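Coordinates in review
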Amino acid sequence: MTALVADTSALVSLGTAVGHDPNPLDLCFDIYDVHVPQRVSDDLRKIASYDDVHADAATAVLDRDDAVSVTAVTLDADFPLDDGENAAVTLANDLEAALFLCDEFNSLGLVHASLADTRLVTTPTLLSVFVRNDQLSSTDALAILDSISDVRSWETNSYVKRARTLLNDT
C-alpha cells in the first residue's frame, strides 16, 4: 500500500463526510497506509472533546484508530508552522511517504517547500484521485466536496473551486 501521512485538518475534513456512501474516510484508510504523528492524534482527541460537527468528524477518525499508524516525532522548533503540521511534515519526510494530505490552504506553499520527496495533496485533490481511479463517481465526489465545503467554510477557496471544475468535467 502507498504510504500517506495526514495532517489534522485533512482528517477532520474527511471525517465530516462519513455519512456519505461511499465514505471518503473509509476509502482513504482502505486504499492507503495512513500514518500520523502523535501530535495529530492528540489534536484529534482535543477536537473530539468539543460538541460540534468538527468534534463529530474527529471522533469518526479516532473510531478508525485501527487503520492509522501513530508515530512520535521530534519537532523542529524553528519550523514556522503549527506543531501538528510541523510533526506531520517531519513524519512524511522521515517515512519518505508518497503522499502528504493537508488542508492548511494558507500554508500550502510552505508545506510543499518543506517536503522532500512527498507529494502534497489536499482533500479536494484526493477526491479527484478517487474519481480518476474509479473508486468514487464524480457525482459522489462533488456531493462529498459540497458537504465538506459547507462544514469547513470553503465556499471561496480556489483549490476547492478548481477541484469542483475538474470533477464537473469528468
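Quick caveat: nothing in here was measured; it's all calculated off a predicted structure.

A word on the environment of Gly15
Residue position: Gly15 is located in helix 1 (residues 8-15). If we ignore the near neighbours within four places in the chain, the residues touching Gly15 are Leu25, Ala57, Ala60 and Val61.

Focus: the pairing of strand 1 (residues 2-6)
With respect to burial, strand 1 is a largely interior element, four of its five residues being buried. Pairing analysis gives four bridges linking strand 1 to strand 2 (residues 32-37), with the strands arranged parallel. In the strand pairing of strand 2, Ala3 is matched with Asp33. Bridging between strand 1 and strand 4 (residues 99-101) involves three bridges; their strand directions are parallel. Residue pairing in the sheet places Leu4 in a bridge with Leu99 of strand 4.

A few points about the sheet that holds strand 3 (residues 68-71)
Taken together, the five strands give an open sheet; going across it, the order is 3-2-1-4-5, and neighbouring strands pair in parallel fashion. Both outer strands of the open sheet, strand 3 and strand 5 (119-121), are each paired with one neighbouring strand and no more. When the angles between neighbouring strand axes are averaged without regard to direction, this sheet yields 30 degrees. Where helix 3 (residues 38-48) meets the sheet, it contacts strand 1, strand 2 and strand 3, and its direction lies at approximately 80 degrees from that of strand 2.

Re the nonpolar core
Within the largest apolar cluster, 57 residues are counted, with the highest numbers of intra-cluster contacts made by Cys28, Tyr32, Phe100 and Leu101. Residues contacting Phe100, with those up to four places away along its chain left out, are Val5, Asp7, Ala88, Val89, Ala92, Val111, Leu115, Thr118, Arg119, Leu120 and Val121.

With respect to unusual backbone geometry
Cis geometry marks the peptide bond from Asp21 to Pro22, where omega comes out at 5 degrees. Here Pro22 shows up in the loop between helix 1 and helix 2 (24-31). In this model, Asp134 sits at a positive phi of 60 degrees, which is unusual for a non-glycine residue. The topology assignment puts Asp134 in the loop between helix 7 (123-132) and helix 8 (138-152). What makes Asp134 exposed here is its relative accessible area of 70%.

Calculation rules
- Residues numbered from 1 in each chain as written.
- Predicted model: local features only at pLDDT ≥ 70, side-chain atom pairs only at ≥ 80, totals over all residues.
- Heavy atoms only, no water.
- Helix = DSSP H or I, 4+ residues; strand = E, 2+ residues; numbered from the N terminus.
- Contact = heavy atoms within 4.5 Å.
- Buried < 20%, exposed > 50% of the residue type's maximum accessible area, 1.4 Å probe, protein only.
- Pairing = 2+ DSSP bridges.
- Axes fitted to C-alpha atoms, helices over the stretch in contact; angles between N-to-C directions.
- Core = buried A, V, L, I, M, F, W, Y, C linked by side-chain atoms within 4.5 Å.

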